[in-house]
Each structure stands twice: as C-alpha cells, then as structure tokens.
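Chain and residue survey
Each chain, letter by letter, is given below.
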Amino acid sequence: MGKISDPLALSPAESAADRMARVVAIAAEAVDTVDREGRFPLETAEALKHGRLLGVAIPAELGGEGLGTAAVADLVVQLAQACGSSAMVYAMHQIQVSSLATHGVTSEWHRAFMRRVADEQLLLASATSEAGIGGNLRNSICAVEVADRRFSLTKDATVISYGANADAILATARRAPDAAHSDQVMVVIPADSDRSLERKSVWDTLGMRGTCSDGFLLTAAGDAAQIFPKPFSEIAAQSMLASSHIYWAATWFGIAADAFARAQAFVKAAARKQPNVTPPGALRLSEAAAMLQEMKGHLVAAIHRFETAQQDDDDLSSIGFAAEINALKVASSEKAAEVVRVAMLITGILGYKNGTPFSVGRHLRDVTSAAVMISNDRILSNTSTLLLMSRFDTSLFDSPRGA
Ligand SMILES: Cc1cc2nc3c(=O)[nH]c(=O)nc-3n(C[C@H](O)[C@H](O)[C@H](O)COP(=O)(O)OP(=O)(O)OC[C@H]3O[C@@H](n4cnc5c(N)ncnc54)[C@H](O)[C@@H]3O)c2cc1C
C-alpha cells in the first residue's frame, strides 16, 4: 500500500497543481524501485486518488472540476518530471476521461459512471490493441454481441496498461459480429461488473516498466447501455486522437525536461568548480534547451489548436486537424529522445550510471517507448494519405490570412 502517513495532507481545497506537487514528491521517492522491479506505482496511484486528481477533468455538474486540456496536460508534465511511468498512467487515465466527458454526457449510464469516477476516484484503463491488428486503433477483430439489452464481449487484448490495477477498462470492439472491422464501438467495463481478466503476457520491457502493460484475455457482459451511444470513429476523431497525442507528448516533454534539468545541474556544478572556464557541456546544453523549447512550443500550439477546434465540429473532424495532431505525436516522440540523448552526452558516465544525481538511463529507456507507442511509421503512413487531400496551413494565427 501507499506511503501516505497523512492522507488529509492532500486537501482538495488546494489547486490541482498544488495537489499534484505532493503526488510528485511521492512518485520521485518510488521511481527507482518502480523502474527496477517493473512494478505498478501503487503509492503514486493512491496519492492521486487521495489528492482527488483522477476526477479533475470530469464536468463540474457531475462532481468533477471541469479542467480543460491545457490544465490536465500541465499536471501530466509535472508528474512526468518525477516518474515517466506514473505520468503515462495518469495520461492514459485522462484520455479515457476525455472520451467520457466529450461523448458520454448524453447517456444516463455514462453520466452516472462519470459521477462514480469523481466520487470514488476510479482509475480508467484502455483496451484498444488486439492480437492480429497491432497498433491500428481503427480496427477490431472482436465484436460485442447485443441481445435483450445486454452485451457480451471477449477480447484478446495484447496490451492493457495497469489492467490489473484499473477500476474500469474502456474497450473497443466491432459493433456486431457481422460488422466491418472499422465499424467499432467503445464499451465501459467496470472492474466490479461481470468481467474477467486472464493475464496472457507479462510486461517486461526496456522502459515505461511501471505501466505494467500486460496482455489479457478480457471477457465481459453487462447492460448494453455501457456501450457509448456514438460510434468509435467519432470518439477517435473528435477526442481520443487529440487527447492521446497531447497527453502522451506532455509525458515525453516532462521526461525530457527532467533529463535536461539533470544535465543543467551537471554543467552548473562544473562551472562552480572552475569559475573562469565555460564547461564543455554548456554548448550542448544550449542545443538541448532549444529542442526542449521547440517541444514545448509544439505542445502548447497543439493544445490551443485542439481547444479552438472543439468549438467547431467540422474543424475537429477535418483532415488538416488530424494531420496536425498526428505530427505532434511523431515530432515530440523523436525530439524527447534526442533531448535525453544529448543530456547523456553532457553528463557523461555519471549520466550513464544508475544512482547518481545526474542519471538519465531511466529517462532514455522510458522515452524510447514513444516511437513504438502506436508506431511512428504507422502514424506517418496515415498522415501521408491525409496530405494527399489537404493543404498545409501556413497562417500563424487562428483566423485565415487577411480576415
Ligand atoms: C508504454 C505503452 C503503453 C501502452 N498501453 C496500451 C494500453 O493501455 N492499451 C492498448 O490498447 N495499447 C497500449 N499500448 C500499445 C500501443 O498502443 C500499440 O498497440 C502498440 O504500440 C502496437 O505496436 P506493434 O509494434 O505491436 O504493432 P504495429 O502497430 O502493427 O507495428 C509493428 C511494426 O509494423 C510497422 N507498421 C505497422 N503498420 C504500418 C504502416 N501502416 N506503415 C508503416 N509501418 C507500419 C511499424 O513500424 C512497426 O515496426 C501501449 C504501448 C506502450 C509502448
């Protein structure tokens, strides 16, 4: 269980950022064992619950705080500087919350479930990946079977991060056994409902080890109302794609920022030792700072772009928007890895070694997952098709040039 001696120390009267600062301290203390043992960061997840940080993006009328994308992304960045796995868990939870908050408000079942998420601080996981389809989000082999207002589903889910620790899983499936592979729905499967999870593979990986993204055979049955009323194609296009790429990029930015901070501390220490000499790492530090700034600019612009597009359904579903939000994923995953690599060049052997104040090995391993978390090649290939049908928007601000 968690190490929280005084749960009341995390008061919901504080701002979400202040509450997250307390969680960050707990995550930073646990990060080395989480990474080494590849264990779920239970104390951090408990602290997120005590700090009531799991329901912050649920609409206020349903018991949450109605935080928007920018505020949530900032929380993810905070946590990622302490523990990449914890931040990715929090990011993935918030992606599921965004699907609920965007597409669940018209359904009584989903409204009641959102109240539960806020009241009970439920942790949500995702099962989109499936044996036989790889990272193709918009394809399912399994199907829900609906009869007498009940559904049943069996999914061979190759990766469900923290599946064993989640309070609910949002799973994609075909709409019916005779539906096309891309004719999908999404269904909410609470852990306390009629469902079973049989572990089929263990997550023993290079990085992001604490996400415990094991493979499971997921079997579930329940009320057909648990299925989102909107088709998954709309959920993916209007909320999931953007929130995934934004919250993932926030995680990678936070990891890169912490590696940069370690490199900066290294250079400062060298400068203190020889006050009249510019340390050799200082030049590379400037290079890393420029890349980090670039990542931040791209992320902030993408959040702004998403928040603007949310006011206009046509824009949100447009080819141009999808291409832009895909670009964020590919660029930030590559840039984060590059910043951490340069941080290691600056810190040298002390960065390469584990257990020094300048260690960046965990950062390097964690960010390598970014390029394969929905393969960059697959995303580039999707975007290349979109670019055949769209024009690059060269205007610097929201309104068209000359307007
Ligand atoms: C840390 C982490 C956590 C995750 N958590 C979850 C989770 O909670 N739930 C979940 O459902 N999934 C999760 N995933 C899985 C992830 O979302 C994808 O399902 C997974 O990355 C698929 O990867 P793949 O390499 O097996 O398959 P593929 O996407 O099939 O890729 C395999 C290879 O084929 C190539 N390739 C495939 N398609 C194309 C194409 N069109 N063009 C060019 N090249 C192509 C790729 O370059 C790649 O090398 C997680 C992944 C990571 C890294």
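Residues numbered from 1 in each chain as written. Predicted model: local features only at pLDDT ≥ 70, side-chain atom pairs only at ≥ 80, totals over all residues. Heavy atoms only, no water.

1. Side note on the overall build of the protein chain
Our working definition: Each helix is a run of DSSP H or I of at least 4 residues and each strand a run of E of at least 2, with the numbering of both proceeding from the N terminus. Note that the radius of gyration is over C-alpha atoms, with the globule rule given as 2.2 Å times the number of residues to the power 0.38. For the exposure calls, accessible area comes from a 1.4 Å probe over protein chains only, and a residue counts as buried if that area is under 20% of its type's maximum, exposed if over 50%, partly exposed in between. Residue contacts are counted whenever heavy atoms from the two residues lie within 4.5 Å of one another. Using the Shrake-Rupley algorithm and a 1.4 Å probe, accessible areas are obtained, with residue cover drawn only from the displayed protein chains. For the charge count, each Lys or Arg is scored as positive and each Asp or Glu as negative, with His and the chain ends excluded. To locate a charge, the coordinates of NZ of Lys, CZ of Arg, CG of Asp or CD of Glu are taken.
When helices and strands are counted, the protein chain shows 12 helices and 7 strands. Since a compact globule built from 403 residues should have a radius of gyration of about 22 Å, the 21 Å found for the protein chain is in line with a globular shape. By principal-axis analysis of the C-alpha atoms, the protein chain measures approximately 80 × 60 × 40 Å. For the protein chain, buried positions account for 50% of its 403 residues. Partitioning the contacts of the protein chain with sequence separation of at least 6, the portion at a separation of at least 24 is 75%. For the protein chain, the exposed area adds up to about 17900 Å²; of that, 55% sits on carbon and sulfur atoms. Between the mean site of the 37 positive side-chain charges and the mean site of the 44 negative ones, the protein chain shows a separation of 6 Å.

2. Focus on the packing of aromatic side chains
What counts, and what does not: For this analysis, a ring pair means two rings from Phe, Tyr or Trp (six-membered ring only for Trp) whose centres lie within 6.5 Å, classed as stacked if their planes differ by under 30 degrees, edge-to-face if by over 60, and tilted for the remaining angles.
Across all of its chains, the model carries 5 aromatic pairs by this definition. Consider the rings of Phe-266 and Phe-358, whose centres lie 5.3 Å apart with planes at 90°: the pair is edge-to-face. In this pair, Phe-266 sits in helix H6 (residues 232-273) while Phe-358 sits in the loop between helix H10 (349-352) and helix H11 (361-372), placing the two residues 92 residues apart along the sequence.

3. A closer look at the site of the ligand
Applied cut-off: Residues are counted as near a molecule or strand when any one of their heavy atoms sits within 4 Å of it. Side-chain atoms alone can form a polar contact between residues adjacent in sequence; in general such a contact is a pair of N or O atoms within 3.5 Å, and within protein one must be able to donate a hydrogen while the other accepts it. Classification used: nonpolar for Ala, Val, Leu, Ile, Met, Phe, Trp, Tyr, Cys and Pro, charged for Asp, Glu, Lys and Arg, polar for all others including Gly.
Looking at the ligand, there are 20 residues lining it, with Thr-128, Ser-129, Ser-161, Val-372 and Ser-375 nearest. Ser-129 is positioned such that a nitrogen or oxygen atom in its side chain is 2.4 Å from an oxygen atom of the ligand. Here an oxygen atom of the ligand and a backbone polar atom of Gly-135 are 2.9 Å apart. Looking at the shell around the ligand, the elements with two or more residues in it are strand S1 (124-127) and helix H12 (376-387). The element that contributes the greatest number of residues to the shell around the ligand is H12, accounting for 3 residues. Residue classes in the shell around the ligand are distributed as 9 nonpolar, 9 polar and 2 charged.

4. A look at the layout of surface pockets
Here is the rule we go by: Definitions used throughout: a 1 Å grid over protein atoms alone; a cavity as a set of points that fits a 1.4 Å probe which cannot get out; a pocket as an open set with protein on both sides within 12 Å along at least five of seven lines; a lining residue as one with an atom within 4 Å of a point. Grid points are joined across faces, edges and corners, and a volume is the space filled by probe spheres set on the points.
Empty space within the largest pocket amounts to approximately 1200 Å³. Looking at the largest pocket, it is lined by 50 residues, and the ones nearest its centre are Gly-135, Leu-137, Trp-248, Met-373 and Ile-374. Breaking the lining of the largest pocket down by element, the ones donating at least two residues are helix H4 (84-103), S1, H6, helix H9 (319-347), H11 and H12. Tallying contributions element by element places H6 first for the lining of the largest pocket, with 8 residues. Classifying every residue of the lining of the largest pocket gives 25 nonpolar, 22 polar and 3 charged.

5. Considering the nonpolar core
Across soluble globular proteins, nonpolar side chains show a tendency to be buried alongside one another. What counts here: We define a nonpolar core as any set of buried Ala, Val, Leu, Ile, Met, Phe, Trp, Tyr and Cys residues linked to one another through side-chain atoms lying within 4.5 Å.
In this structure, Met-20, Leu-53, Leu-79, Tyr-90, Leu-124, Leu-153 and Ile-246 are the most contacted members of the largest nonpolar core, which totals 115 residues. Broken down by element, this core gets its largest block of residues, 19 residues, from H6. Excluding residues within four positions of it along the chain, Leu-153 makes contact with Cys-142, Ala-143, Val-144, Ala-171, Ala-173, Val-187, Ile-189, Leu-218, Thr-219 and Ala-220.

6. Here's the deal with the sheet that holds strand S7 (residues 215-223)
Note the following rule: Strand pairing follows a simple DSSP-based rule, namely that at least 2 bridges must link the two strands. A fitted line through C-alpha atoms represents every axis, and for helices the fit uses only the stretch in contact; the resulting angles, taken between N-to-C directions, go from 0 to 180 degrees.
Ordered by their spatial adjacency, 4 strands build an open sheet running S2-S3-S7-S6, and the pairing between neighbours is antiparallel. The open sheet is flanked by strand S2 (145-147) and strand S6 (195-201), the only strands paired with a single partner. Strand-to-strand twist of the sheet, defined as the mean angle between neighbouring strand axes without regard to direction, takes the value 10°. As defined by bridge partners, S2 adjoins strand S3 (residues 150-157) across 3 bridges and the pair is classed as antiparallel. Residue pairing in the sheet places Val-146 in a bridge with Phe-151 of S3.

7. Some words on helix H1 (residues 16-37)
The criterion, for reference: To estimate how far a helix should extend, the number of its residues minus one is multiplied by 1.5 Å. The angle between axes fitted to the seven residues ending at a residue and the seven residues starting there is what we call the bend at that residue.
Between its first and last C-alpha atoms H1 spans 30 Å; for 22 residues at 1.5 Å apiece the expected length is 32 Å, and the two agree. Largest kink in H1: about 50°, centred on Ala-30. Looking only at H1, the buried set comprises Ala-16, Arg-19, Met-20, Val-23, Val-24, Ile-26, Ala-27, Ala-30, Val-31, Val-34 and Asp-35. Lining the buried residues of H1 we find helix H2 (42-50), helix H3 (69-80), H4 and H11.

8. Focus: the side chain of Ser-85
Among the secondary structure elements, Ser-85 is positioned in helix H4. By relative accessible area, which is 4% here, Ser-85 ends up buried. If we ignore the near neighbours within four places in the chain, the residues touching Ser-85 are Met-208, Arg-209, Gly-210, Thr-211 and Asp-366.

9. Some remarks on the pairing of S7
Sheet topology note: the S3/S7 ladder contains 8 bridges and is antiparallel. Bridge assignment links Ser-152 to a residue of S7, and that residue is Ala-221. Two strands pair when backbone bridges link them, and S6 and S7 are joined in this way by 6 bridges, in the antiparallel orientation. Counterpart to Glu-198 in the pairing with S7 is Leu-217.

10. What to know about the pattern of salt bridges
Two side chains that carry opposite charge are able to pair once their charged atoms sit near each other. Condition: Here, a salt bridge means any Lys or Arg side-chain nitrogen found within 4 Å of an Asp or Glu carboxyl oxygen.
Scanning the entire structure with this criterion turns up 20 salt bridges. Ionic pairing is found between Asp-192 and Arg-116, a salt bridge with its closest N-O pair at 2.8 Å. Here Arg-116 lies in helix H5 (residues 108-120) and Asp-192 lies in the loop between strand S5 (184-190) and S6, a separation of 76 residues in the sequence. Classification of Arg-116 as partly exposed rests on a relative accessible area of 25%. Residues Arg-341 and Glu-338 are paired through a salt bridge, measuring 2.9 Å at the closest nitrogen-oxygen approach. One end of the pair is Arg-341 and the other is Glu-338, both in helix H9 and 3 residues apart, which spans about a single turn.

11. Some remarks on the environment of Arg-305
Take Arg-305: it is sitting in helix H7 (residues 281-309). Given a relative accessible area of 19%, Arg-305 falls into the buried group. C-alpha of Arg-305 to C-alpha of Asp-393: the two residues are 88 residues apart in sequence and 12 Å apart in space. Not counting the four nearest positions on each side in its chain, Arg-305 is found in contact with Asp-315, Phe-321 and Glu-324. Within the local environment of Arg-305, its side chain forms a polar contact with the side chain of Asp-315, the two groups lying 2.9 Å apart.

In short, geometric facts, not functional conclusions.
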